[in-house]
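One letter stands for each residue in the lines below.
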Amino acid sequence: MSLHPRGGNPIGPMFDPLANSPAAPQSGALNVPALLGRFGSPLFIVSETALRHGYRAFRGAFAGLRPRIAYSYKTNYLPALCAILHQEGAGAEVVSGMEYALARSLGVAPSDIVFNGPGKTRGELSAALRDGALVVVDGLGELEAAIAIADEPGFGPQRRARIGLRADLGKIAAPWSRFGLRDMRRAFERIAGKPVLSLELLHHHAGTDHRDPEPYRAAVRGLLGLKREAAEFGLRPGAIDLGGGFPAALPLAPFAEAIAEALAESGGEAPALVLEPGRALVDTAVRLACTVVAAKEMASGPAVVTDAGINFLPQMGRSAPRPLAPAEPLPGVLVPTAVFGPLCMPEDRLAENILLPPLRPGDPLIVYEAGAYTLSQATEFTAPRPAVVLIGPDGPEIIRRRQDWRDVMAPCELPARLFPADSEWRPETRNRR
């Protein structure tokens, strides 16, 4: 039986969207229409082969620097995806109590967790410091909170609170200047007077999805300068942390070279290096399969509407467009086409003037590079979230089930006085589901 949505001859060699990237090795063909038929549309598809390959390629690119790699959970915190990266040797970089709890639940030791972020609660700080995680302080107020916690029972000469300092290096990453400390000397002075603190690391994050390695070179120089200033206060932070922001599907050797050259300028023993990649590890390992639900002609030319929009692909409206193509070879002359999502919002656009063959309702499409800041930022605006399948050694495995409307409304309560007759909100009805 043909799986082609338009009928006709059965498909020849299966088209494998997960293998169409230089960052992903061939891992066997996928029948995307069959996956959509089995798991529903839209559908996120994760390639375990590509994910493991991506981590190893990243580690290999920086092998000469022997960095500690802490995967950025906020980029995509699907438990199965995180677990695979931890199997490969990655630690965890988290920015919230939720992410910290997830990392701990996946067996990550506190000593392998870097806790970043500008909005840590007192409870989150206390738990992480008492566990022995490395907490990167974002401001002087947070530093005082960490000192107060370290002064409590349980912290003393036999145990020191592990901290880092996030530095605002100004013009290196101007849009990111809301993060980190400007007055680092004041922070050094305060830490020097508190033996309950152990300053282990200086941190700077220069932004996201960099195409140019120069911000990393500048960050290394800036952090090395701060390391020398810290020494004036008797402090010896042994590591620098350059955060993440590394690109996906681009060569990383120029970034490693820029960092290595800047470290060589230290003139002495270079500090240990911590990197917090997210996009570079996961973006090309994940695709979103979706389905054309409507085709129309506009003044600008042909357009189609799919069943996935910026509710599931929020980055489509904030950064460079993701590659998009039919999930299987289709006949016809390629013409500039607009691709919209199903939301009643003018900004719900997935692509404009992209060359595509004529498309009809039922045709499957693939959005490539859908692993970074999609699943973690996706919303339930107008529709439940899609399923996620992992393509592993045993074939497709569900790693997040498809929601329905009840999942979206599960936290809600409806007062009894508002129950309509035969309402599904009545306890006896809900219990029967």
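First things first, this report covers the structure right here in the doc. Bear in mind the structure is a predicted one, so any value in this text is a computation, not a measurement.

How each quantity is defined
- Residues numbered from 1 in each chain as written.
- Predicted model: local features only at pLDDT ≥ 70, side-chain atom pairs only at ≥ 80, totals over all residues.
- Heavy atoms only, no water.
- Phe/Tyr/Trp six-rings, centres within 6.5 Å; stacked < 30°, edge-to-face > 60°.
- Buried < 20%, exposed > 50% of the residue type's maximum accessible area, 1.4 Å probe, protein only.
- Pairing = 2+ DSSP bridges.
- Helix = DSSP H or I, 4+ residues; strand = E, 2+ residues; numbered from the N terminus.
- Axes fitted to C-alpha atoms, helices over the stretch in contact; angles between N-to-C directions.
- Core = buried A, V, L, I, M, F, W, Y, C linked by side-chain atoms within 4.5 Å.
- Contact = heavy atoms within 4.5 Å.
- Parallel < 35°, antiparallel > 145°, perpendicular 65-115°, else oblique.
- Left-handed = near helix turned anticlockwise from the far one by under 90°.
- Nonpolar A, V, L, I, M, F, W, Y, C, P; charged D, E, K, R; others polar.

**A word on the packing of aromatic side chains**
Next up, step 1: For the structure on display, the rule yields nine aromatic pairs.
Next up, step 2: Considering the side-chain rings of Phe58 and Phe62, the 4.8 Å spacing of their centres and the 40° angle between planes classify their relative orientation as tilted. Grouping residues by exposure puts Phe58 and Phe62 together as buried.
Next up, step 3: Ring centres of Tyr216 and Phe246 lie 4.5 Å apart, and the angle between their planes is 15°; this geometry places the pair in the stacked category.

**Notes on the sheet that holds strand β3 (residues 91-94)**
Whether parallel or antiparallel, the strands of a sheet pair through hydrogen bonds between backbone atoms.
Next up, step 1: With parallel pairing, eight strands are arranged side by side around a closed barrel as β2-β3-β4-β5-β6-β7-β8-β9. When strand polarity is set aside, the average angle formed by the axes of neighbouring strands in this sheet is 30°.
Next up, step 2: Examined bridge by bridge, strand β5 (residues 134-137) and strand β6 (residues 161-166) share three bridges and lie parallel to one another. Counterpart to Val135 in the pairing with β6 is Ile163.

**Structural notes on the nonpolar core**
Next up, step 1: Counting residues in each nonpolar core, the largest one holds 99 residues, and the members touching the most others are Leu165, Leu242 and Phe246.
Next up, step 2: Examining the composition of this core, we find that seven residues originate from one element, helix α8 (residues 214-231), more than from any other.
Next up, step 3: Those residues in contact with Leu165, other than ones at most four positions away along the chain, are Val136, Val137, Leu181, Met184, Ala187, Phe188, Ile191, Leu199, Leu201, Leu202 and His203.
Next up, step 4: Counting residues in each nonpolar core, the second largest holds 15 residues, with Leu30, Leu36, Ile45 and Ala327 among its members.

**Overview of the packing of helix α2 (residues 48-61) against helix α3 (residues 79-87)**
Next up, step 1: Packing of α2 against α3 brings their axes to within 10 Å, and their N-to-C directions diverge by 45°. Classified by the angle their axes make, α2 and α3 are oblique. Between α2 and α3 the crossing geometry is right-handed. Across from Glu48, Leu51, Arg52 and Tyr55 in α2, the residues of α3 making contact are Leu81, Ile84, Leu85 and Gln87.
Next up, step 2: Across the contact of α2 with α3, the residue classes break down as five nonpolar, one polar and two charged.

In short, geometric facts, not functional conclusions.
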